[in-house]
Amino acid sequence: MKISELLLEGKRGLSDGKEDSSDSLGLEERVQNAVCSLDAEVLLAHVLDCSRENLIRDSQEEVSEDDRQVYLKYVEQVVQGKPVAYLTHQKEFYGMDFYVDERVLIPRPETEMIVDHVLDWLVDKSRKDDADLSREIRMLDVGTGSLNITAAIIRHFGHVYSHAVDISEEALEVARINSESHGLETHAEIYQSDLLSNVDETDFDIIVTNLPYIGEKVNRNVSADVEKHEPSSALWGGDDGLELYKKMIQEILDKNIDFNLFVGEFGSGQVDAMSAMLSKFFEQGYRWEIKADLAGIPRMFIVEKV
Ligand SMILES: C[S@@+](CC[C@H](N)C(=O)[O-])C[C@H]1O[C@@H](n2cnc3c(N)ncnc32)[C@H](O)[C@@H]1O
């Protein structure tokens, strides 16, 4: 079978046989079809160990029956709900490739907001105070997972040194793989910590975090596939989803941790509770704000020392 034929078979399998050329499809179905096309290509490129561009270039070449069987098995697993990234062990975040597997949450595009904000803040700070350009910027990344936030920030700002912590030893194994592949061994210290329990430093320029925030009783905004496949330690944040944030902020204050910028992600339906928490904990000496993601959902809190 030719590459082009197998791609079509894979795409049909993923999209349940719907054709994207049909004018009768609505916008949502068309988007879904585009996603299926992309997934079909990403999976086949992975099986054939080539780029997606090569699939197009070599579309008339034959695929071996063994490769075809492996590919169709992958397609079947995706149809059953398994994320493509857990099959290819690769996910792009902020233009960088990260190794991922079931030990970590798959980085999400909305989390790039955190990186954007930190980089803007660093550039702004550097413009105002040249001395900051040459000294080390101390960062704490709580719940680092695949190390994606830390790695993306350091890639653009080499003076950052990050304490990247996670409660999960398994997630830290993945963080170390990505640290090595991105050459960050001298830029990031990766260690186990339940929130801030093992963090001895008390002075950071920046704290970033994307703690689990899915509520077990309210704000239970999670799909069955995510719940089934992604690590539960990366999902659940107590009854309303914000319990880990509450605990972490309390620890920042109890341990007298000094910071200039503190940025974190939360979920839909949590903006009022998050705002109340920030008002309560950061009443004096700080200013805070909430920013919405591209879909207009309040998604990121920013606390800055004044
Ligand atoms: C939503 S994932 C975020 C992963 C990654 N930072 C990202 O943005 O894609 C949350 C991470 O927090 C970690 N985590 C959960 N509870 C924690 C705790 N009490 N202390 C430290 N890390 C925790 C999980 O293991 C997981 O890797």
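Residues numbered from 1 in each chain as written. Predicted model: local features only at pLDDT ≥ 70, side-chain atom pairs only at ≥ 80, totals over all residues.

### Details of the overall build of the protein
Next, step 1: Counting its secondary structure elements, the protein contains twelve helices and nine strands.
Next, step 2: Scaling as 2.2 N^0.38, a compact globule of 306 residues should have a C-alpha radius of gyration of about 19 Å, and the protein matches this with 22 Å.
Next, step 3: Every one of the 306 residues in the protein was classed for burial, and the buried ones make up 34%.
Next, step 4: When contacts within the protein are restricted to residue pairs at least 6 apart in sequence, those whose partners lie at least 24 apart make up 66%. (Helix = DSSP H or I, 4+ residues; strand = E, 2+ residues; numbered from the N terminus. Rg over C-alpha atoms; globule rule 2.2 N^0.38 Å. Buried ≥ 20, exposed ≤ 12 C-beta atoms within 10 Å, placed from the backbone. Contact = placed C-beta atoms within 7 Å.)

### Focus on the pairing of strand 3 (residues 137-142)
Next, step 1: Counting buried positions over the six residues of strand 3 gives five, a clear majority of the element.
Next, step 2: For strand 3 and strand 4 (residues 160-166), the ladder comprises six bridges, and the chain directions are parallel. Among the inter-strand pairings, Met 139 is bridged to a residue of strand 4, identified as Ser 162.
Next, step 3: In this region the chain leaves strand 3, passes through helix 8 (residues 148-156) and returns to the parallel neighbour strand 4; the handedness of that crossover is right-handed.
Next, step 4: With four bridges joining them, strand 3 and strand 6 (residues 206-209) adopt parallel strand pairing. In the sheet register, Leu 140 faces strand 6, and the bridge partner there is Ile 207. (Pairing = 2+ DSSP bridges. Right-handed = clockwise from strand over helix to strand, strands pointing away.)

### A look at the site of the ligand
Next, step 1: Looking at the ligand, there are 24 residues lining it, with Gly 143, Gly 145, Ile 167, Asn 210 and Ala 234 nearest.
Next, step 2: Among the secondary structure elements, those contributing two or more residues to the shell around the ligand are helix 8 and strand 4. (Near = placed C-beta within 6 Å.)

### Overview of helix 9 (residues 169-181)
Next, step 1: For helix 9, built from 13 residues, the straight-helix expectation of 18 Å at 1.5 Å per residue is met to within 8% by its first-to-last C-alpha distance of 19 Å.
Next, step 2: Just past helix 9, the residue Gly 183 takes up positive phi, approximately 65°. (Expected span 1.5 Å × (residues − 1).)

### Some remarks on the pairing of strand 8 (residues 286-292)
Next, step 1: As paired elements, strand 8 and strand 9 (residues 298-305) share seven bridges and run antiparallel to each other. Bridge pairing links Arg 287 to Glu 304 in strand 9.
Next, step 2: In sequence, strand 8 turns back onto strand 9 through a hairpin of five residues, with Gly 296 there showing a positive phi of about 85°.

### Describing unusual backbone geometry
Next, step 1: Phi angles above zero are rare outside glycine, and Tyr 94 is one such case at about 50°.
Next, step 2: For Tyr 94, the position within the fold is in the loop between strand 1 (91-93) and strand 2 (96-98).
Next, step 3: A count of 20 C-beta atoms within 10 Å places Tyr 94 in the buried class.

### Description of the nonpolar core
Next, step 1: In this structure, Val 118, Met 139, Ile 153 and Val 208 are the most contacted members of the largest nonpolar core, which totals 54 residues.
Next, step 2: With five residues, the single largest contributor to this core is helix 8.
Next, step 3: Every residue in contact with Val 118, bar those within four places of it in the chain, is listed here: Ile 153, Ile 206, Val 208 and Val 263.
Next, step 4: Leu 7, Cys 36, Ala 40 and Val 47 belong to the second largest nonpolar core, which has 16 residues in total. (Core = buried A, V, L, I, M, F, W, Y, C linked by C-beta atoms within 7 Å.)

### Some words on helix 11 (residues 243-254)
Residues lying three or four places apart along an α-helix face the same way, a consequence of the helix completing one turn every 3.6 residues.
Next, step 1: If you check helix 11, its first and last C-alpha atoms are 16 Å apart, about what twelve residues at 1.5 Å a residue would give, namely 16 Å.
Next, step 2: Of all the positions in helix 11, only Leu 244, Tyr 245, Ile 249 and Ile 252 are classed as buried. Considered in projection along helix 11, the buried side chains sweep an arc of 130° and stay on one side of the axis.
Next, step 3: Taken together, the buried residues of helix 11 touch strand 7 (261-265) and helix 12 (271-281). (Arc of directions from axis to C-beta.)

### With respect to the domain arrangement of the protein
Next, step 1: When its domains are assigned, the protein resolves into domain 1 (3-80) and domain 2 (103-305).
Next, step 2: Averaged C-alpha coordinates put domain 1 and domain 2 at centres separated by 35 Å. (Domains from an automatic or database assignment.)

### Looking at the sheet that holds strand 7
Next, step 1: As summarised here, the arrangement of the seven strands in space is 5-4-3-6-7-9-8, forming an open sheet in which the pairing is mixed. Two strands lie at the open edges of the sheet, namely strand 5 (188-192) and strand 8, each paired on one side alone. Across this sheet, the average inter-strand angle for adjacent strands is 15°, counted without regard to direction.
Next, step 2: When strand 6 meets strand 7, the two strands line up parallel, connected through four bridges. Considered in strand 7, the bridge of Ile 206 is made with Leu 261. (Axes fitted to C-alpha atoms, helices over the stretch in contact; angles between N-to-C directions.)

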